Amino acid sequence: MLVSANTSVLTEKSQKRVDYLQWSDYFMAIAFLSAMRSKDPNSQVGACVVNKEKKIVGIGYNGMPNGCSDDDLPWNREADNILDTKYPYVCHAEMNAILNKNSADLKDCTIYVALFPCNECAKLIIQSGIKEIVYLSDKYHNDYKMVASRQLLDMAGVKYRQHIPQHSQILIDFDSINIPVGKHHKEPKSVSSP
Ligand SMILES: O=c1ccn([C@H]2C[C@H](O)[C@@H](COP(=O)(O)O)O2)c(=O)[nH]1
Ligand SMILES: [Zn+2]
């Protein structure tokens with residue numbers, strides 16, 4: 001299902017929109033929006049750290065370290081020499097989100113991330129005090145790094161759960177703010193609220 005900001009399902013009584021984004025879709029969408037900044041040609045990963053008050057306290061995506069040119073470093077997945085691949089150089093999305101934090105600490109926060117965190121990110125997550133991981137893809141489930149990650153997270157009592165989005169796509173329409181009053185699309189009255 002595709003939802004856009006200019007689609008308004010209105011309740012008859014209060015006229016309040018009812019098709020607004022749920023919190024978890026909102027935070028995951030922010031992680032995915034952040035991932036759109038990534039130069040990685042294969043996996044664009046975004047992460048968004050949220051505190052108990054549902055405030056965003058850190059955002060990041062996978063990219064080369066500050067001051068290290070992402071034109072000069074390799075983006076290959078494979079090469080005869082590992083030093084000619086991206087893996088030794090790229091900063092993971094979780095690392096960037098944690099280091100970019102704008103609060104004193106990340107105790108009891110939740111991290112929303114596009115891809116299940118690897119073992120190195122699991123260590124950072126644990127040490128930072130983050131207590132929950134909400135991830136979308138688990139495409140490397142059987143990789144030893146993810147096996148080690150789950151082992152560490154289980155030992156440290158960090159919960160993790162896969163996010164099932166309410167909408168498979170979310171459209172951002174910059175024109176929606178200019179739609180005149182009364183011209184917003186209205187769904188039939190029979191539509192039930194989420
Ligand atoms: O926990 C993780 C694991 C990986 N990443 C980043 C690192 C790379 O830029 C990509 C993975 O590339 P593949 O080509 O899919 O191997 O994802 C991350 O940010 N966080
Ligand atoms: Zn990682």
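Reading the values: rules and limits
- Each chain carries its own residue numbering, running from 1 in the direction its sequence is written.
- Here chains are named by letter from A upward and ligands by number from 1 upward, in the order in which they appear as written.
- Whole-chain, interface and lining totals are the exception, using all residues; otherwise, since this is a predicted model, local features are given only for residues with pLDDT of at least 70 and side-chain atom pairs are given and counted only at 80 or more.
- Remark: hydrogens and water are excluded; side-chain values derive from all non-hydrogen atoms of the structure.
- Consider each residue's heavy atoms; a residue with any of them within 4 Å of a molecule or strand counts as near.
- Pairs of N or O atoms within 3.5 Å make up the polar contacts considered here, provided that, within protein, one atom can donate a hydrogen while the other can accept it, and that residues adjacent in sequence are counted only when both atoms are side-chain atoms.
- Each accessible area is a Shrake-Rupley result for a 1.4 Å probe, and residues are judged covered by the shown protein chains and nothing else.
- Buried and open spaces are told apart on a 1 Å grid over the protein atoms alone, a cavity being a set of points where a 1.4 Å probe fits but cannot get out and a pocket being an open set with protein on both sides within 12 Å along at least five of seven lines. Residues with an atom within 4 Å of a point are the lining residues.
- For this analysis, a molecule is said to be in a pocket or cavity if more than half of its atoms are within 2 Å of the grid points defining it.
- Amino acids are sorted into nonpolar (Ala, Val, Leu, Ile, Met, Phe, Trp, Tyr, Cys and Pro), charged (Asp, Glu, Lys and Arg) and polar (every other residue, Gly among them).
- Labels follow the DSSP assignment, with helices taken as runs of H or I lasting at least four residues and strands as runs of E lasting at least two, numbered in each case from the N terminus.
- A helix is expected to span 1.5 Å multiplied by its residue count minus one.
- Categorising residues by exposure relies on relative accessible area from a 1.4 Å probe, with only protein chains included: less than 20% of the type maximum marks a residue as buried, more than 50% marks it as exposed, and the intermediate range marks it as partly exposed.
- In what follows, a contact means two residues having at least one pair of non-hydrogen atoms within 4.5 Å.
- UniProt positions are given in the numbering used here, feature names are shortened, and annotations may be inferred rather than shown by experiment.

Draft legend 1. Summary view of the site of ligand 1. For ligand 1, the set of nearby residues contains 16 residues, the closest of which are D40, S43, R77, Y87 and Y140. Between ligand 1 and N62, the relevant distance is 2.8 Å, taken from an oxygen atom to a side-chain nitrogen or oxygen of the residue. At 2.3 Å, a side-chain N or O of Y140 approaches an oxygen atom of ligand 1. Computed on the free molecule, ligand 1 has an accessible area of 470 Å², of which 96% lies beneath the protein chains in the complex. When atom positions are compared with the pocket grids, ligand 1 is found to occupy the second largest pocket. Here the shell around ligand 1 is built from residues that sort into 8 nonpolar, 4 polar and 4 charged.

Draft legend 2. Looking closely at helix α1 (residues 23-35). For α1, built from 13 residues, the straight-helix expectation of 18 Å at 1.5 Å per residue is met to within 8% by its first-to-last C-alpha distance of 18 Å. For α1, the set of buried residues is D25, F27, M28, I30, A31, S34 and A35. Residues of α1 that are buried in the fold lie against β3 (46-50), β4 (56-61), β5 (110-115) and β6 (132-137).

Draft legend 3. Structural view of the UniProt feature "domain: CMP/dCMP-type deaminase" (unreviewed entry) in the protein chain. UniProt annotation of "domain: CMP/dCMP-type deaminase" (unreviewed entry) refers to residues 22-160 when read in the numbering used here. Annotated as 31% helix and 18% strand, the span residues 22-160 places its first and last C-alpha atoms 19 Å apart.

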